[in-house]
Structures are given as structure tokens and as C-alpha cells.
Amino acid sequence: MKKWKQMAARLVTLSVLAAVLAVPVCAGAAEIRKADSATATYKDGAVVPAEKAAAVRKAAQDKALSDYYITSGKKLEKAVARLLYINPEETGLVPQIDYDYRMDKTLTGDYFYHVKAFRPGTSETAGDFLLAKDDSCIFRRIPGENRAELLDGTTEKLLEKVEIYPAYRKIPLDGVGKVLIRVPGNIPYNLTLTSLNENTLRIDADDKGQQWVYGVTRGKADILAEVEIGGFTAGKTLRFTVMDEKDQVLEENRTSGGGWPIGIGIGFGWGHGRHHHGHGGGVIIGI
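Quick summary incoming for the structure in this document. These numbers come from a predicted model, not from an experiment.

Calculation notes
- Residues numbered from 1 in each chain as written.
- Predicted model: local features only at pLDDT ≥ 70, side-chain atom pairs only at ≥ 80, totals over all residues.
- Heavy atoms only, no water.
- Pairing = 2+ DSSP bridges.
- Helix = DSSP H or I, 4+ residues; strand = E, 2+ residues; numbered from the N terminus.
- Axes fitted to C-alpha atoms, helices over the stretch in contact; angles between N-to-C directions.
- Buried < 20%, exposed > 50% of the residue type's maximum accessible area, 1.4 Å probe, protein only.
- Contact = heavy atoms within 4.5 Å.
- Salt bridge = Lys/Arg side-chain N within 4 Å of Asp/Glu carboxyl O.
- Phe/Tyr/Trp six-rings, centres within 6.5 Å; stacked < 30°, edge-to-face > 60°.
- Patch = residues over 30% accessible without salt bridge, like charges linked within 9 Å, V, L, I, M, F, W, Y side chains within 5 Å.
- Areas by Shrake-Rupley, 256 points an atom, 1.4 Å probe, with all protein chains shown as cover.
- Lys, Arg positive; Asp, Glu negative; His and termini not counted.
- Charge placed at Lys NZ, Arg CZ, Asp CG, Glu CD.
- Core = buried A, V, L, I, M, F, W, Y, C linked by side-chain atoms within 4.5 Å.

1. Examining the sheet that holds strand β11 (residues 190-195)
Moving on, step 1. Here we have four strands laid out as an open sheet, ordered β8-β15-β14-β11, and mixed in their pairing. The sheet terminates laterally at β8 (170-172) and β11, the two strands that pair on one side only. Strand-to-strand twist across the sheet, computed as the mean angle between neighbouring axes with direction ignored, equals 35 degrees.
Moving on, step 2. Alignment of strand β14 (residues 219-229) against strand β15 (residues 232-243), held across eleven bridges, turns out to be antiparallel. The partner of A221 across the bridge, within β15, is F240.

Right, here's the structure in full:
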């Protein structure tokens, strides 16, 4: 009799355990799924019903707005006041319209405050501006075009921030090299290259105005690179070394891995003939 009672008790315990595992776990999973569905973010890969995606997207945009942009405060007010001081015909901002303004929290090119004006209650851009952190100049970016207009101030201090350097200092005989320019805010510029020793280096240009440094004879020589923006010019002298095939062999012997110590996107091809701009003995530069 005692054994039967023990067996009955065990059966009851197993039945209760099965019920706990079957029903509450499923219900719990459904509750967790429901909680995930109501989340206001996609963080950690949360899944939401399609009809709630728009609200979740809006929440993500609002969070990004506070994380990356300044939408109020004295810093933004000062920038807006500077813009409104300029002739409206130059800024494109209508005085009677109360625009929504937004400023990037991070400086553009470590030099410009980037401010955008939006038509009230919309995401339509009414103006795109770059204001120098030292108050020396203000530019207006023209939508859809690779150009910017100087609205106020001078570019003298901006030119001090311009970086001028060669893509690669060693170029092959009858090959070409390139000069790279970095301007805060990607402000458009005019570049002039001048060879200071035309017996060794020559400046060539293609039909699009792209300028190249061409290796005429083996040796070292300088070129003068001048960048002009808004009536001011910054210049820098750059040294290039023109190398022939024997120089290449010596270079290979000096480097542990062999070949040229070439940066990403730059490749040299030596061939047997001498032809301009990378044909046969030229250089291919892809930057």
C-alpha cells in the first residue's frame, strides 16, 4: 500500500512539472515576444511588427538628433545671429521665415561649425553653411554642386589649415605622381603646380584640368604646389625622387618583403618601354 502511495505521489509530481513546463513557459515566451515588439529601439537586434517600424525609426532619428546635433542653446544662437547678419540675398534665408536650425556637435575638418537651416516643420534644407571657429569666414554650400560661396570674412586663416602633400614621393622614370590637397570642409580650391627643375620633373595636365608630376630623368627635384581660395594662396615645396629600373632593384633589396613600399590604392608597373601616363613604364594611381 505504501509503494502505491509513493508511485501515485510521483505521478502527481510529474504531471504538475509537465504542466509547468508546457503552459507557463509558452506563455512566458509570448510575453517576452510581446515586450520585444513594444520596444522603441532596434538595439540588440530587437524585432518589431512592421506597423510599428515607422515609430521605432522616428525614435532612432530623435535619439540621433540629440547625439549628433545641437538644436538649441547659446552656441547655436550665436551662429544663427552671424548668419542673419549677412545679406539675405547671399544666404538665401528669407527674414520673415522662422527656420529650424541644426548644428553638428563635431567640427567639420576640425575648423568649421556646420549649420543647416530647415523650412519650419519639414526636413527640406533651406541653407547649408560652414562657419569658421575663429570667426574669420563663413561659407554657403550650394546644394547639388561641388562649390561653396564665401559669404563673409577672409580665407587667410583657412589657408593656414590646408594640407599639401605628395601621394607618393618616389615615381618611376616616365611615370607620374600626384599632389594631394586637404581643405577643411572640402571647400573648393584652385591648384597650381610648378616644376622647379624641368630637367627632372615636368607638370602635365589632362583635358579635365587634373595636374600630374611627370618624371623626365632620374634624380631628385622639387615642385611648388600653390592652393588658392578666396583671394589668398598657400604654397609648399615638395621633393620628388625619379627612379629607373635599377633603382627599383636596389629598393627591392632594401625592403624585407621585396617590391615597392606602396600605399593603398597606388601601384607601379615598370614594363620595358617608356610611354607616358602609365602605359608600359608608367604609373597607375588610384586614389
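2. Re the sheet that holds strand β9 (residues 176-177)
Moving on, step 1. The sheet built from three strands is open, its strands ordered β9-β13-β12 with antiparallel pairing. Each edge of the sheet is formed by a strand with only one pairing partner; in this case those strands are β9 and β12 (201-205).
Moving on, step 2. Direction of pairing for β12 relative to strand β13 (residues 211-215): antiparallel, over a ladder of five bridges. Across the sheet, residue R202 finds its bridge partner in β13, namely Y214.

3. A short note on unusual backbone geometry
Moving on, step 1. Phi is positive for D110, which is not a glycine, with a value near 55 degrees.
Moving on, step 2. Along the chain, the position of D110 falls in the loop between β2 (100-104) and β3 (112-118).
Moving on, step 3. Overall, the relative accessible area of 56% leaves D110 in the exposed class.
Moving on, step 4. A positive phi angle, close to 65 degrees, is found at D174, a residue other than glycine.

4. Points about the side chain of T108
Moving on, step 1. Of note, T108 is situated in the loop between β2 and β3.
Moving on, step 2. What makes T108 buried here is its relative accessible area of 18%.
Moving on, step 3. Ignoring anything within four residues of it in the chain, the contact list for T108 reads H114, L130, R141 and G185.

5. Quick look at the pattern of salt bridges
Moving on, step 1. Counted under the stated rule, the structure contains nine salt bridges.
Moving on, step 2. The residue R182 makes a salt bridge to E163 at a minimum N-O spacing of 3.1 Å. With R182 in strand β10 (residues 179-182) and E163 in strand β7 (residues 163-166), this residue pair connects regions lying 19 residues apart in the sequence.
Moving on, step 3. Under the relative-accessibility criterion, R182 is labelled partly exposed at 46%.
Moving on, step 4. Connected through salt bridges with shared partners, the residues E145, R147 and E149 form a single ionic network.

6. Regarding the pairing of β14
When a strand is regular, its side chains alternate between the sheet's two faces.
Moving on, step 1. Note that β11 and β14 share six bridges and pair antiparallel. Bridged to T192 within β14 is E226.
Moving on, step 2. Joining the antiparallel neighbours β14 and β15 is a turn of two residues, in which G230 adopts a positive phi near 55 degrees.

7. With respect to the packing of aromatic side chains
Moving on, step 1. Considering all chains together, one arrives at three aromatic pairs under this definition.
Moving on, step 2. Aromatic pair Y99 and Y101: ring centres 6.3 Å apart, planes at 70 degrees, arrangement edge-to-face.
Moving on, step 3. Of the residues examined, Y99 reaches a relative accessible area of 5% and is grouped as buried.
Moving on, step 4. Taking the relative accessible area as the measure of exposure, Y101 reaches 14% and is therefore buried.
Moving on, step 5. The interplanar angle of 80 degrees and the centroid separation of 4.9 Å between the aromatic rings of Y111 and F112 together place this pair among those described as edge-to-face. In this structure, Y111 and F112 share a single accessibility class: buried.

8. Focus on a negative patch on the surface
Moving on, step 1. Together, D134, D135, E156 and E160 make up a negatively charged patch on the protein surface.
Moving on, step 2. The topology assignment puts E156 in helix α5 (residues 156-160).

9. A look at the nonpolar core
Moving on, step 1. Ranked by internal contacts, the top residues of the largest apolar core, which has 28 residues, are F112, V179, I223 and I229.
Moving on, step 2. Secondary-structure elements contributing two or more residues to this core are β4 (125-132), β5 (137-141), α5, β10, β14 and β15.
Moving on, step 3. For this core, the element with the highest residue contribution is β14, accounting for five residues.
Moving on, step 4. Setting aside residues no more than four positions away along its own chain, F112 makes contact with L107, L130, L131, A132, C137, F139, L158, P184, G185 and I187.

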